[in-house]
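The primary structure of each chain is shown beneath.
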Amino acid sequence: SGRMEGGADLAAEIRSRPPVIMVHGDQDELLPVTSMTDAAQRLRDNDIEVETHIRPGLGHGIDENGVQIGMEFLRQALAGS
């Protein structure tokens, strides 16, 4: 999860609204965690369901907990298909 580019164009260009999960480390040295919260808000403003998770102590990467969070999100999202 990170910074959203082109957020201003989202409303005009959006074609579908699948649920989204965002996982971000609170120690990310490249993109501050506020990048995720800003992107999540832009998505929510466009009627997209967003689930966010902040991983304590995680830098710019993904950890095992983030993988588990993503797997559970996919399990739930695909079960409703």
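Further up the page is the structure itself.
Residues numbered from 1 in each chain as written. Predicted model: local features only at pLDDT ≥ 70, side-chain atom pairs only at ≥ 80, totals over all residues. Heavy atoms only, no water.

J.: Sorry if this is basic, but what is going on with the overall build of the protein here?
T.: Helices and strands together make up the secondary structure of the protein, namely three helices and two strands. Traced from its N-terminal end to its C-terminal end, the protein shows the element sequence α-β-α-β-α. On the principal axes, the C-alpha backbone points of the protein span a range of 35 × 30 × 15 Å. Every one of the 81 residues in the protein was classed for burial, and the buried ones make up 33%. (Helix = DSSP H or I, 4+ residues; strand = E, 2+ residues; numbered from the N terminus. Buried < 20%, exposed > 50% of the residue type's maximum accessible area, 1.4 Å probe, protein only.)

J.: Is there a simple way to explain the nonpolar core in this structure?
T.: Across soluble globular proteins, nonpolar side chains have a tendency to be buried as a group. Among the nonpolar cores identified, the biggest contains ten residues, and these are Met4, Leu10, Ile14, Met22, Met36, Ala39, Ala40, Leu43, Ile48 and Val50. Here this core takes four residues from helix α2 (residues 33-45), the largest share from any one element. Beyond its immediate sequence surroundings of up to four residues, Ala39 is in contact with Gly2, Met4 and Met22. (Core = buried A, V, L, I, M, F, W, Y, C linked by side-chain atoms within 4.5 Å. Contact = heavy atoms within 4.5 Å.)

J.: Is there a simple way to explain unusual backbone geometry in this structure?
T.: Most peptide bonds are trans, and most residues other than glycine sit at a negative phi. Even without being a glycine, Asp47 presents a positive backbone phi close to 60 degrees. Mapped onto the secondary structure, Asp47 falls in the loop between α2 and β2 (50-55). Since its relative accessible area comes to 63%, Asp47 is described here as exposed.

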